[in-house]
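Reading the structure
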Amino acid sequence: MNAPANTDIASAVAEAQARFTADNPNSQAQLEKAAAFMPGGNTRTVLFYPPFPLTMTKGEGCSLWDLDGHRYIDFLGEYTAGLYGHSNPVIRAAIDKALDNGIVMGGQNQAEADLAAAIVERFHAIDRVRFTNSGTEGNLMAVSAARAFTNRPGVMVMAGGYHGSVFYFAPGGSPLNAPFPYVMGTYNDVEGCRDLIREQGSDLACVIVEPMQGGGGCIEASPEFLTMLRAETEKTGALLIFDEVMTSRLGPGGLQGLLGITPDLTSLGKYVGGGMSFGAFGGRADIIDRFDPRRDDAWPHAGTFNNNVLTMNAGLTGLTKVYTADVAESFNARGDVLRQSLNAMAEKLGAAVQFTGRGSMMTIHFRQGEIRNVDDAMAGRNELRPLLHMDMVSMGIYPAARGMFTLSLAHDEASFTALEDAMEEFLTSRASLLSA
Ligand SMILES: Cc1ncc(COP(=O)(O)O)c(C=O)c1O
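Residues numbered from 1 in each chain as written. Predicted model: local features only at pLDDT ≥ 70, side-chain atom pairs only at ≥ 80, totals over all residues.

A closer look at the nonpolar core
In terms of nonpolar packing, the biggest core is built from 119 residues, with Ala146, Cys206, Val207 and Ile241 touching the most fellow members. A total of seven residues in this core trace back to one element, the largest contributor, which is helix H10 (residues 309–322). Counting the residues that make up this core, at least three belong to each of domain 1 (9–56 + 64–75 + 326–434) and domain 2 (89–322). In contact with valine 207, other than residues within four places in its own chain, are Met156, Ile197, Leu229, Thr233, Ala238, Leu240 and Ile241. (Core = buried A, V, L, I, M, F, W, Y, C linked by C-beta atoms within 7 Å. Buried ≥ 20, exposed ≤ 12 C-beta atoms within 10 Å, placed from the backbone. Helix = DSSP H or I, 4+ residues; strand = E, 2+ residues; numbered from the N terminus. Domains from an automatic or database assignment. Contact = placed C-beta atoms within 7 Å.)

Quick look at the structure:
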């Protein structure tokens, strides 16, 4: 990589960004063109990073190509939705077959029932499921259903949580959040969150929580924390919602399956649609059956693309033929080994760096010591994130700009080795900036 020996992080980032700009004139021009019609040339905030994001033109297996012809090993993995890689032949065949029979049919289809059955079989807390178009929408429906079911207003969230564009609880929050009366707990704070739930009492409709915070930095919840949330919500009559939009990939039956905890409602998204636009919410039959349109008092829930045939067929094939329970187990076990190996490397090289996460999801943090919540994560030297990102890209590795690495089934051992080599190069060449 030939990193210059900078003494301060800001100049190292500036130099790395200048190198990136020189390497990627076509992506830069593309952004400028797009910016005439889209704000900042962007329609997904999370894909933007300075000086400008790469424009991708092609994906195959675990590889991506950009507009300037560079090839990358894809460790962004479409923020976990890319579990199947870019050209899984089994999923591709399912989509082709669905296309042969026509799309937008405006009717119920068989694949939706089969996908629902596969989900109910896999996720023990889901007795019934409904589909949406995104994880955001799945969460909006789950929270709204909880408020209607309990006839209560309050929604408890965790600091650092992310449940979609209108449920953004990272530091700074968002003026666009869905206007529910929120109370915010500290992730993994057993005592504090217990008190908060008790204080809210019969005002609280639900607690929504990621059993591992994904976007917040792959921060695992302690089993004790989630068990407390389960027990306390049960006592006060609030519903417990697990947002498994990301974490459902971590085991055959999601993180709820691995932990043996049963939320009242669960939201899903990402890879469960086989790489097509997808979201879902499901859970206890007595709650979700309120959507049964045969009832006189049925809750309404439409959505033009809820049962889109491409999504339903791709998702069904993915879950039943590709991401089977055995594959889910062995895939995440490989991820655990990779994360442990990266942590061992950081330790050996004396870098104040750690990789948190579980199975096929991990995030790098530029600090040592336990990371239990967003405050711990923010205490890291996060100004190093853009440097890592620029350096990784220059070495043909494409992670999320925030330092999240996600595995896909298309990754082979050679791609893991390439990541380890690139990380070793980064930790060695930037040692003077990383040791503090
Ligand atoms: C935990 C979690 N919930 C919900 C969402 C929103 O899903 P979508 O982007 O499909 O709306 C995300 C997206 O990253 C997520 O990570």
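Further notes follow.
Some thoughts on unusual backbone geometry
Put simply, proline 50 and proline 51 share a cis peptide bond, and its omega is 0°. For proline 51, the position within the fold is in the loop between helix H2 (25–34) and strand E1 (56–60). Even without being glycine, tyrosine 79 reaches a positive phi, approximately 50°. With respect to the helices and strands, tyrosine 79 occurs in the loop between strand E3 (71–74) and helix H3 (89–100). On the basis of neighbour counts, which here come to 21 C-beta atoms within 10 Å, the residue tyrosine 79 falls in the buried class.

Structural notes on the packing of helix H11 (residues 325–348) against helix H14 (residues 413–429)
Where H11 meets H14, the closest approach of the two axes is 10 Å, and the angle between their N-to-C directions is 20°. Judged by the angle between their axes, H11 and H14 are roughly parallel. Note on packing geometry: the crossing formed by H11 with H14 is right-handed. Here Leu338, Ser341, Leu342, Met345 and Ala346 of H11 lie close against H14, whose contacting residues are Phe416, Glu420, Met423, Glu424 and Leu427. Taken together, the residues that form the contact of H11 with H14 break down as seven nonpolar, one polar and two charged. (Axes fitted to C-alpha atoms, helices over the stretch in contact; angles between N-to-C directions. Parallel < 35°, antiparallel > 145°, perpendicular 65-115°, else oblique. Left-handed = near helix turned anticlockwise from the far one by under 90°. Nonpolar A, V, L, I, M, F, W, Y, C, P; charged D, E, K, R; others polar.)

Regarding the site of the ligand
As a matter of local geometry, the ligand sits amid 16 residues, with Ser134, Gly135, Thr136, Gly164 and Val245 nearest to it. Here the residues of the shell around the ligand are counted per class, giving four nonpolar, ten polar and two charged. (Near = placed C-beta within 6 Å.)

Brief notes about the environment of leucine 31
With respect to the helices, strands and loops of the structure, leucine 31 is situated in helix H2. Overall, leucine 31 belongs to the buried group, with 21 C-beta atoms counted inside 10 Å. Between the C-alpha atom of leucine 31 and that of alanine 344, which follows or precedes it by 313 residues, the distance is 39 Å. Residue contacts for leucine 31: discarding those within four places in its chain leaves Gly41, Phe52 and Pro53.

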